[in-house]
Amino acid sequence: MRVIIILSITGILDPNLDNPKFAMSLTLYNTLTRQKEPFKTIEPGKVTMYCCGVTVYDYCHLGHARSYIGWDVVRRYLQWRGYQVRYVQNFTDIDDKILNRARVEGSSMPEIADRYINAYFEDIRRLNVMDADEYPRVTQHIPAIVHLIQALETKGYAYAVNGDVYYNVQQFSEYGKLSGRKREQMQAGAGGRIDPGEAEDKKQDPFDFALWKAAKPGEPAWDSLWGKGRPGWHIECSAMIRARLGETIDIHGGGGDLVFPHHENEIAQSEVLTGKPLARYWLHNGMVRVNGEKMSKSLGNFTTIRDLLDGKWSEYPQPIDPMVVRLFVLQAHYRKPLDFTESAITAAVHGWQTLKDALNLDLAKCNLSPQATILDELDSQAIAKRSSEALIARFQAAMDDDFNTAAGLAVLFELAKSLKREFNQRCYQGSQELEDVHLRALSQTLIQFAGVLGLEVQAETLPVPEINVNWIESLLQQRHQARQEKRYAESDRIRNELQAVGITLIDGSDGQTRWHRS
Ligand SMILES: Nc1ncnc2c1ncn2[C@@H]1O[C@H](COP(=O)(O)OP(=O)(O)OP(=O)(O)O)[C@@H](O)[C@H]1O
Ligand SMILES: [Zn+2]
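Source: prediction; values computed, not measured. For every chain, the first residue of its written sequence is number 1, and the numbers climb from 1 along that sequence. All chains are assigned letters beginning with A, and all ligands numbers beginning with 1, in the order in which they are written. In keeping with the model being predicted, local features are shown solely for residues with a pLDDT of at least 70 and side-chain atom pairs are shown and tallied solely at 80 or more, while totals for entire chains, interfaces and linings include all residues. Side-chain descriptors were evaluated using all non-hydrogen atoms of the structure, hydrogens and water having been removed beforehand.

UniProt positions are given in the numbering used here, feature names are shortened, and annotations may be inferred rather than shown by experiment. As recorded in UniProt, the sites labelled "binding site: Zn(2+)" (unreviewed entry) are Cys52, Cys237, His262 and Glu266. Judged by maximum C-alpha separation, these annotated positions cover 215 residues in sequence but sit close together in space, the widest gap being only 11.0 Å. Strands here are runs of E lasting at least two residues and helices are runs of H or I lasting at least four, both read from the DSSP assignment and numbered beginning at the N terminus. Secondary-structure assignment places Cys52 in the loop between β3 (46-51) and α2 (62-80). For the exposure calls, accessible area comes from a 1.4 Å probe over protein chains only, and a residue counts as buried if that area is under 20% of its type's maximum, exposed if over 50%, partly exposed in between. Using a relative accessible area of 6% as the deciding quantity, one classes Cys52 as buried.

Listed below in structure tokens is the structure:
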């Protein structure tokens, strides 16, 4: 018995010795080299990872959900493989879009940014996305940004014009290496997101981009050598990566729309200063599309995460379990485009029901023999481990192949079906196919894999059938009326009535009131 315990403890201390998970190798597709590469970290066993965060001027939509669920799974999987992951994700809290929003609402940039940062956390946590280790904001990094720009200017990579500072792309011979664009193909912003409001006439070359923008009247501004101003979009990530994670990181992630120019520019800014690669692996998620077009705030074809979860998407007007959204996202490879349709969501609803049933199975109903002694326990663990090894190997092979969650999910569905079959046989036919330990192992393995994908059965905050969307909407109308007639006591009463059943109201600046489950 002592020998068994020592072996088991060794297994815990150094999983590499005793675990099939570590025998094979993880490969990931690197946008920079345009191929799958074996994953080798800078420091053994540790991963530094940075993903571009949201520009906070509106609620997050399903496109954002896809991006951050994707990185969440990358992170969870690396952790499951035994890596220690340090994950940083920024908030862009200075931007023309935020300023415009503040102007329209008669509000301020910090107020808008704070509101949507809070909303980001509310929404993304509902999706069971783990919090990042750090969430730097641009406004917290102005000195570091100014310092970088100064260094670029000193080295001849940047030039100042009337209070603006631009990056001189001609100086960086490797410009275009990430996107694979030749100079002649580079129409600024083509296929990607651009930083609006740059003064084209001040640039020496049309592909030069702003590092610092001179303050316009009434805009928030910071002091610098070039006068009062604010940073351009791209420099923030270079500065925050360096400040929080160092000169070279293992993984840099973001949406495919950021490859050019945003990530190309991050590379240009960082690498000329350090002489080192900014990131070893560049990972990009595919776009969520609506009728073939990228879902985006700017195109107005978006569905917010909260509307979708709260049953306010017209195509599927019922509350949707957040795990359905995860499943919808994960049934496609993260690099591929993903079409947002009613049928795809319905398929995910059914898929989640299958997995949820299996995760919820009450094995106590299966007449399992009690696990009496420690020896029995260890023995059955060993058997369980062996019986799940083949499954682990398959799941791992799928995920090792550039995080192929679709293939990984196939293993989960198979497991769910086996479990369900055995459960039904035992409960309804009085027979059994599997040993007890095997059944337990299947159940534990399913829970384990689901955890790697962040799929967890969440306690229902409200019994779904009791939420009556029409009833809520009619109360909202009554409250709207009351507010218009300045009957604030009545409007507060309605808010409280809804709050009491777990419905929180948020009054938008557009006069609309949104609701979600608390
Ligand atoms: N439709 C989408 N599908 C997948 N990822 C997306 C989608 N839209 C944005 N993202 C990603 O979400 C992250 C945060 O994006 P950001 O806040 O900059 O949004 P955005 O591109 O300004 O949004 P929008 O295009 O809706 O205005 C980025 O990595 C971006 O690539
Ligand atoms: Zn970025």
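A separate point is the coordination of the zinc ion (ligand 2). Listed donor atoms are N, O and S within 2.8 Å of the metal (Na, K and Ca: 3.2 Å). As water is not included, a site may look incomplete. Only Cys52 (SG), Cys237 (SG), His262 (NE2) and Glu266 (OE) from the protein coordinate the zinc ion (ligand 2), and they sit 2.1 to 2.5 Å from it. Geometry at the zinc ion (ligand 2) is irregular, judged from the four donor atoms that bind it and their angles of 79 to 131° at the metal. Judged by its relative accessible area of 1%, His262 falls in the buried class. Accessibility expressed as a relative area gives 0% for Glu266, which makes it buried. In these descriptions, tetrahedral denotes four donors with every angle between 85 and 135 degrees, square planar four donors and octahedral six donors with opposite donors over 155 degrees apart and the rest between 65 and 115, and irregular any other case.

Moving on, we come to the sheet that holds strand β8 (residues 229-231). Criterion used throughout: strands pair if DSSP finds at least two bridges between them. Read from one edge to the other, the open sheet built from four strands follows the order β5-β6-β7-β8, with strand pairing classed as antiparallel. Each end of this open sheet is capped by a strand with a single partner; those strands are β5 (158-161) and β8. Neighbour-to-neighbour, the strand axes of the sheet open up by a mean angle of 20°, direction not taken into account. Where strand β6 (residues 164-167) meets strand β7 (residues 209-214), three bridges bridge the pair, whose relative direction is antiparallel. Across the sheet, the residue bridging to Val165 is Trp212, located in β7. Note on contacts: a residue pair is in contact if any heavy atoms of the two residues lie within 4.5 Å. Helix axes use the C-alpha atoms of the stretch in contact, all axes being lines fitted to C-alpha atoms, and the angles between their N-to-C directions lie in the range 0 to 180 degrees. Against the sheet, helix α5 (residues 142-154) engages β5, β6, β7 and β8, with an angle of about 120° to β7.

Moving on, we get to the pairing of strand β4 (residues 84-89). As judged from the six bridges shared by β3 and β4, these two strands associate in the parallel manner. When the sheet's bridge partners are listed, Cys51 is paired in β4 with Gln89. Think of it like this: strands point away, you trace from the first strand over the helix to the second, and a clockwise trace means the crossover is right-handed. Viewed along the sheet, the connection from β3 through α2 into β4 turns out right-handed.

All right, on to the packing of helix α9 (residues 322-330) against helix α10 (residues 342-359) then. Between α9 and α10, the least distance of the axes is 8 Å, while the angle of their chain directions is 110°. The orientation of α9 with respect to α10, classified from their angle, is roughly perpendicular. Crossing handedness for the pair α9 and α10: right-handed. Within the contact between the two elements, α9 uses Met323, Val324, Leu327 and Phe328 and α10 uses Ala344, Ile345, Ala348, Val349, Gly351, Trp352 and Leu355. We call Asp, Glu, Lys and Arg charged. Ala, Val, Leu, Ile, Met, Phe, Trp, Tyr, Cys and Pro are nonpolar, and the rest, Gly among them, are polar. Here the residues of the contact of α9 with α10 are counted per class, giving 10 nonpolar, one polar and no charged. Geometric relationships in this document are graded by angle, where less than 35 degrees denotes roughly parallel, more than 145 denotes roughly antiparallel, 65 to 115 denotes roughly perpendicular, and other angles denote oblique. In this scheme the crossing of two helices becomes right-handed for a clockwise turn of the near helix relative to the far one and left-handed for an anticlockwise turn of less than a right angle.

In this analysis the probe radius is 1.4 Å and the grid spacing 1 Å, with only protein atoms considered; a cavity is a set of points the probe fits into but cannot get out of, a pocket is an open set with protein on both sides within 12 Å along at least five of seven lines, and lining residues have an atom within 4 Å of a point. Grid points are joined across faces, edges and corners, and a volume is the space filled by probe spheres set on the points. Using the criterion set out here, one finds four cavities of 30 Å³ or more in the structure. Approximately 70 Å³ is the volume found for the largest cavity. In terms of lining residues, the largest cavity is bounded by Arg66, Gly70, Val73, Val74, Val329, Leu330, Ala332, Tyr334, Phe403 and Thr405. Listed by contribution, the elements that provide at least two residues to the lining of the largest cavity are α2 and α9. If one sorts the elements of the lining of the largest cavity by residue count, α2 sits on top with four residues. Across the lining of the largest cavity, the residue classes tally to seven nonpolar, two polar and one charged.

Moving on to the pattern of salt bridges. Salt bridge criterion: a side-chain nitrogen from Lys or Arg within 4 Å of a carboxyl oxygen from Asp or Glu. This model, assessed by the stated rule, comprises 39 salt bridges. The partner of Glu247 in a salt bridge is Lys276, and the shortest N-O contact between them spans 2.5 Å. In this pair, Glu247 is assigned in the loop between α6 (234-244) and β9 (249-255) and Lys276 in the loop between α7 (259-274) and β10 (279-285), connecting sequence segments 29 residues apart. Of the residues examined, Glu247 reaches a relative accessible area of 29% and is grouped as partly exposed. By relative accessible area, which is 39% here, Lys276 ends up partly exposed. When salt bridges with common partners are traced through the structure, they connect Asp96, Arg103, Lys213, Glu219 and Arg230 into a single cluster.

Okay, helix α13 (residues 436-452) next. Expected helix span is taken as 1.5 Å per residue step, with the number of steps being one fewer than the number of residues. Here α13 spans 25 Å end to end across 17 residues, near enough to the 24 Å set by a 1.5 Å rise per residue. Counting buried residues along α13, 12 of its 17 residues qualify, which places the element largely inside the surrounding structure. Every buried residue of α13 is accounted for by Asp436, Val437, Leu439, Arg440, Ala441, Leu442, Ser443, Thr445, Leu446, Phe449, Ala450 and Val452. Just past α13, the residue Gly454 takes up positive phi, approximately 70°.

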